[in-house]
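Overview (structure and organization)
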2 protein chains.
Amino acid sequence: MTGSRVLNRALRSKIMSASEAAALIPAGSNVGMSGFTGSGYPKEVPAALAERINALHADGFDFKISVWTGASTAPELDGALAAVDGIEMRLPYQSDPACRARINAGQMDYIDIHLSHVAQFVWFGFFGKLDVAVVEVAGILEDGRLVPATSIGNNKTWLDQADKIILEVNNRINPAMEGMHDIYYGTALPPHRKPIPLVTPSDRIGEPYFRCDPSKIIGIVETHAYDRNSAFTPPDETSRLIAGHILEFLAHEVKKGRMPENLLPLQSGVGNTANAVMAGLEQGQFENLTAYTEVLQDGMLHLLKRGKMNFASATAFSLSPEAVDDFNRDVDFYRERVVLRPQEISNHPEVIRRLGVIAMNGMIEADIYGNVNSTHIRGSSIMNGIGGSGDFARNAYLSFFMTPSTAKNGQLSCIVPMVSHVDHTEHDVQVIVTEQGLADLRGLTPKQRAKVIIQNCSHPSYRAALQAYYERALRESPGRHTPHMLNEAFSFIQSWKAEKAAMEVEKAIHSGLAATKVPA
Amino acid sequence: MTGSRVLNRALRSKIMSASEAAALIPAGSNVGMSGFTGSGYPKEVPAALAERINALHADGFDFKISVWTGASTAPELDGALAAVDGIEMRLPYQSDPACRARINAGQMDYIDIHLSHVAQFVWFGFFGKLDVAVVEVAGILEDGRLVPATSIGNNKTWLDQADKIILEVNNRINPAMEGMHDIYYGTALPPHRKPIPLVTPSDRIGEPYFRCDPSKIIGIVETHAYDRNSAFTPPDETSRLIAGHILEFLAHEVKKGRMPENLLPLQSGVGNTANAVMAGLEQGQFENLTAYTEVLQDGMLHLLKRGKMNFASATAFSLSPEAVDDFNRDVDFYRERVVLRPQEISNHPEVIRRLGVIAMNGMIEADIYGNVNSTHIRGSSIMNGIGGSGDFARNAYLSFFMTPSTAKNGQLSCIVPMVSHVDHTEHDVQVIVTEQGLADLRGLTPKQRAKVIIQNCSHPSYRAALQAYYERALRESPGRHTPHMLNEAFSFIQSWKAEKAAMEVEKAIHSGLAATKVPA
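Here the residue numbers are simple positions, counted from 1 along each chain's written sequence. Chain letters and ligand numbers both follow the written order, the letters beginning at A and the numbers at 1. Local features in this predicted model are restricted to residues of pLDDT 70 or higher, and side-chain atom pairs are both shown and tallied only at a pLDDT of 80 or more, whereas totals for entire chains, interfaces and linings draw on every residue. Excluded from the side-chain calculations are hydrogens and water; all other atoms, namely the structure's heavy atoms, are used.

**A word on the overall build of chain A**
Secondary structure elements are defined from DSSP: runs of H or I of at least 4 residues count as helices, runs of E of at least 2 residues count as strands, and each element is numbered from the N terminus. Looking only at helices and strands, one finds 19 helices and 25 strands in chain A. Radius of gyration here uses only the C-alpha atoms, and the compact-globule reference equals 2.2 Å multiplied by the residue count raised to the power 0.38. The C-alpha radius of gyration computed for chain A amounts to 23 Å, which stays within 12% of the reference 24 Å derived for 520 residues, consistent with globular compactness. With the principal axes as the frame, chain A shows a C-alpha extent of 75 × 55 × 45 Å. Looking at chain A residue by residue over its 520 residues, the buried ones come to 65%. Relative to all contacts within chain A whose residues are 6 or more apart in sequence, the contacts with residues 24 or more apart total 75%. To be clear on the numbers: accessible area is Shrake-Rupley with a 1.4 Å probe, and residue cover counts the displayed protein chains and nothing else. Working note: accessible area of chain A is about 16,300 Å², and carbon and sulfur atoms make up 50% of it. Here Asp and Glu are counted as negative and Lys and Arg as positive; His is not counted, and neither are the chain ends. Charge placement uses NZ in Lys and CZ in Arg. For Asp and Glu, CG and CD serve respectively. Averaging the locations of the 49 positively and 57 negatively charged side chains of chain A gives two centres separated by 4 Å. Buried residues are those whose accessible area, probed at 1.4 Å on protein chains only, stays under 20% of the maximum for their type, while exposed residues exceed 50% and partly exposed ones sit between those limits. The criterion used for residue contact is that any of the two residues' heavy atoms lie within 4.5 Å.

Written out as structure tokens, the structure is:
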């Protein structure tokens, strides 16, 4: 593809500026935007829309839209629109500091739902009508089909469901990615659903292009911009320790005959710890690995490159600039070993359970009975969202939740008597890991879980206090199945030291400085 | 079948008394027993074992076993063994007063897991070795295959996984049930799993008999006893109101085009409210209904009989004595319209999501943000267990959770600021229903949910207090996404009146008088 990537002649008449396209989005509309973990989001129209909104607000007009995406996007989208107070409601996952601040100030509505639920709820009509889709693509074929970009997310659903479509055709995207995508068109509404015919991560069950009704396209904007591509941070000591515990445990499970020698397909959240696990696998004993995950980070590309991993299925990339360079250099190599799918397939309970995925996700805190909080600070402020962690944890063969044992330089314990918000219940959490150690909760009762979590996972400076809570609860609790003293259950969060630290976390959230631990 | 139902000649030599069979169960063993919601449990061996344990305890010997079942059983099993302190650990669901008392006194271990997870976790080896299976069947064919009884539960897995098998052949079971069961033998361990080829509730994908390695059978006991068959209680006014709200809502969804005119396959928990919904459907507008559920109660048989429902798939019956009589009279009619499956299939996320099930489950309490507690009193005492409610709620097309708005004659509000135990998170709860009204939470943010739950579902005598909590939290909460004051979040549970009522609930639990609201 040289020159314009809009190969369909009829559609060339729709090419316009970002401002012209932004002007076509009505106030109050529901807008489905592309974007997943900072890749494949529209680069220019949201910013142009933000500018328009800002001007209208200055003139005293109301103007907000609701923004539906795949997952988190970038400052050019969530950041720009939140900055001008242009978002009425946002779903399903975000990690933008400006968004987060508005949500927690009560100025923006946010619905936090399982990523696998989004597309089907839109098809079911549960969120109302999708008015406009704004989707980044890598090109438009002569016959009008679309070449997907660096993430798929919910784009198929946005294109199918929206009344009107605005496309951003980004010619920065490596044209050799063509053929790497697999868009499944076999979904249906109940009672007409059929089995999804995917039995290994490398199966292709769809088409490499999006279908798109050309009569719905109201604007095409040609862009030339990279994804946000955050820099890669080498794993720190804490992450390396967490990764070490996980790898040791996996080796133990293989030895016990509970897992094949090449493990089972890996799912890994984003961030430092996830990359540390990948780095550990790069050095480790396991061969012929596969991944069935949401997001491909640097670590998985390394595994593919080193020949440790044979194939990776995801819905999006989230790469460092160096990894992007490597990817573009060896795109022919990667195209044979990577497939990007719609997130309703990458996160589908049916497929995750069938494949027997090994799920590894970050969390904010766990309690001594194995309930996990992935989303809230002090039960009230949202960090990012649950993302796909629930899709994977509930349906995985084996599910890890990991966190450093403390936050805020040791001022907060990430193991607490009772989490202040539950995203993953005691019924869904199998293994908890901190740099201190690993708690294998499979087949344990609540009281047995408490013992191993406190002993293996809590930081030594909080261990005695947790143990004291547990032992006193064992004596004073009205029931002894899950011993609790409800009037003290949040004491860790409410103690003076913790209170101060939590306020700092919240200040950091509001100013956008807090590190993101939860996967997209 | 006349005379002995043990048609395999070689196996006749294994016929023995219940005491002789009970003597073959070693101390400390893991025993997989049949039984689901009071049907299909072994009638004599557990009681004989309890007698043996009691005698051994009297002589100063230790003797306990771990008991794995399908779900709840009956006094002859859970009750008898708990009464003599014979159970070390119990999974995955129980509703027996003696069991419950021991668990909450800290004298018995209990693991509460999703019903769909049980079989696969045993196959994965997560609970250790299954030593003995004790399974009730309706007969043994000449070739050694087994005719299943009135529930399937985890029996296939117990028979496949146990080292040794004791069969109870119950000749009270209507022999004409033969052919009503569908045992799926297509499961496998990852990475060898394939799609489950079930696309409508009436599909048969397996065989009507259990396969069974005869060399593992160490004892056969011939019995002649009915299932526990609780009496049918006509719906009370509260249940009728709840049912009315649900039926009105379903009609509304059909009118909006979000559901077919014959709805989608129904799942319904057990109990009064569930029967009230069925009674409402019997009078209502919907035709050609189907069910894909765990348990068939009287209400569904009525729907089949009246021609309102075409087909019902379940894993167990739970009938009144009158319904049993009706069933036996018209067994040929019902055999064409009912199938019993293993619970790993009846509760499988893949199938539930594919079919688009309408899930209706009871709960203990909900909070104003839509989190649901299905299992615990005051965060610490177990009531029954989560059962299959998580399998269905997470994967359903539409999921209802229902409860009267108050418990203990109005002394406890079942709508609270924060639930003391979370079994279903805000991400998994779509519709909450009490006799006061219905809250449709689809597409709502936490604050929007709080408004409709308080307004529509809470009892008028608690509404102002809930509203006051919410409004004050909105001002004082550190974050305003999910406004909470953690130091007051459990105030409803801890207030004097509530405290007193909760203690009564616990006393009732211990004495076995508490009504069971949560489905098996």
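From this point on, the discussion continues.
**A word on the nonpolar core**
For the purposes of this section, nonpolar cores are sets of buried Ala, Val, Leu, Ile, Met, Phe, Trp, Tyr and Cys residues that join through side-chain atoms within 4.5 Å. One finds Phe-400 of chain A together with Phe-400 of chain B to be the most contacted residues of the largest nonpolar core, which totals 168 residues. The element contributing the most residues to this core is helix H8 (residues 237-255) of chain A, with 8 residues. If sequence neighbours within four positions are ignored, Phe-400 of chain B has contacts with Ile-246, Phe-249, Leu-250, Ile-358, Ala-359, Met-360, Asn-361, Val-431, Val-433 and Leu-438 of chain B. The next biggest cluster of nonpolar side chains, apart from the first, holds 62 residues, and it includes Met-363, Leu-441, Ala-473 and Phe-492 of chain A.

**Focus: the relation of the copies chain A and chain B**
What connects the two chain copies is a rotation about an axis and a shift along it. Rotating chain A by 180° and moving it 0.0 Å along the rotation axis overlays it on chain B with an RMSD of 0.0 Å. What we have between these two chains is a two-fold relation. By C-alpha distance to the rotation axis, the residue of chain A lying nearest is Glu-350 of chain A, at 2.2 Å. Interface overlap between copies is the fraction of interface residues in one copy that are interface residues in the other; for chain A against chain B it reaches 100%, indicating a shared surface. A residue counts toward the fit only if its pLDDT is at least 70 in both copies, and the copies are then superposed by least squares on the C-alpha atoms of those residues.

**Overview of the UniProt feature "active site" (unreviewed entry) in chain A**
Residue and element names in this part refer to chain A. UniProt positions are given in the numbering used here, feature names are shortened, and annotations may be inferred rather than shown by experiment. Under the present numbering, the feature "active site" (unreviewed entry) in UniProt falls on Glu-294. Inspection of the secondary structure assignment puts Glu-294 in the loop between strand S10 (289-292) and strand S11 (295-296). Given the relative accessible area of 4%, Glu-294 is considered buried.

**Observations regarding the pairing of strand S20 (residues 398-402) of chain B**
Residue and element names in this part refer to chain B. Counting buried positions along S20 gives 5 out of 5 residues, so the element sits mostly inside the fold. The side-chain alternation of S20 yields two buried faces, one formed by Leu-398, Phe-400 and Met-402 and the other by Ser-399 and Phe-401. When S20 meets strand S24 (residues 431-434), the two strands line up parallel, connected through 3 bridges. Bridge pairing in S24 places Met-402 opposite Val-433. Strand pairing is assigned whenever DSSP detects at least two bridges linking the two strands.

**What about the interface of chain A and chain B?**
Taken residue by residue, the interface counts 80 residues in chain A and 80 residues in chain B. Each partner contributes to the roughly 6,800 Å² buried at the junction of chain A and chain B, and carbon and sulfur atoms together form 55% of this total. Any carboxyl oxygen of Asp or Glu within 4 Å of a side-chain nitrogen of Lys or Arg constitutes a salt bridge here. Viewed at the interface, chain B and chain A are joined by 2 salt bridges. Within 3.5 Å is the distance limit for a polar contact, defined as a pair of N or O atoms, with the added protein rule that one can donate a hydrogen and the other accept it, and that residues adjacent in sequence qualify only through two side-chain atoms. For the pair chain A and chain B, the interface holds 34 residue pairs in polar contact (both at pLDDT 80 or more). If you list the elements that add at least two residues to the side of chain A that touches chain B, you get helix H5 (97-104), strand S4 (109-110), helix H6 (115-124), helix H14 (349-355), strand S19 (381-382), helix H15 (389-395), helix H16 (446-457) and helix H18 (491-494) of chain A. Gly is placed with the polar residues, together with every amino acid not listed as nonpolar (Ala, Val, Leu, Ile, Met, Phe, Trp, Tyr, Cys and Pro) or charged (Asp, Glu, Lys and Arg). In the side of chain A that touches chain B, the residues fall into 31 nonpolar, 30 polar and 19 charged. As used here, buried area is the combined drop in accessible area, with a 1.4 Å probe, of two parts when they are placed together.

**Some remarks on the packing of helix H4 (residues 75-83) of chain A against H5 of chain A**
Residue and element names in this part refer to chain A. Here an axis means a line fitted to C-alpha atoms, over the contact stretch when the element is a helix, while the angle between two N-to-C directions is reported on a 0 to 180 degree scale. Packing of H4 against H5 brings their axes to within 7 Å, and their N-to-C directions diverge by 45°. What the angle tells us is that H4 and H5 run oblique. In this structure, H4 uses Asp-78, Gly-79, Ala-82 and Ala-83 to contact H5, whose residues at the interface are Ala-98, Cys-99 and Arg-102. Considered class by class, the residues forming the contact of H4 with H5 number 4 nonpolar, 1 polar and 2 charged. An angle below 35 degrees is read as roughly parallel, one above 145 as roughly antiparallel, one from 65 to 115 as roughly perpendicular, and any other as oblique.

**Considering unusual backbone geometry**
Cis geometry is found at the peptide bond from Pro-190 of chain A to Pro-191 of chain A, where omega equals 10°. Topologically, Pro-191 of chain A is positioned in the loop between strand S7 (164-170) and strand S8 (217-223). With a phi angle near 50°, Lys-408 of chain B is a residue other than glycine that sits in the positive phi range. Following the sequence through the fold, Lys-408 of chain B ends up in the loop between strand S21 (406-407) and strand S22 (412-413).

**Here's the deal with the sheet that holds strand S23 (residues 415-416) of chain B**
Residues and elements named next belong to chain B. Spatially, S17-S16-S23 is the arrangement adopted by the 3 strands of the open sheet, whose pairing is mixed. Each edge of the sheet is formed by a strand with only one pairing partner; in this case those strands are strand S17 (372-373) and S23. Sheet topology places strand S16 (residues 365-367) next to S17; 2 bridges connect them, and they run antiparallel. Its bridge partner being in S17, Glu-365 is matched across the sheet by Asn-373.

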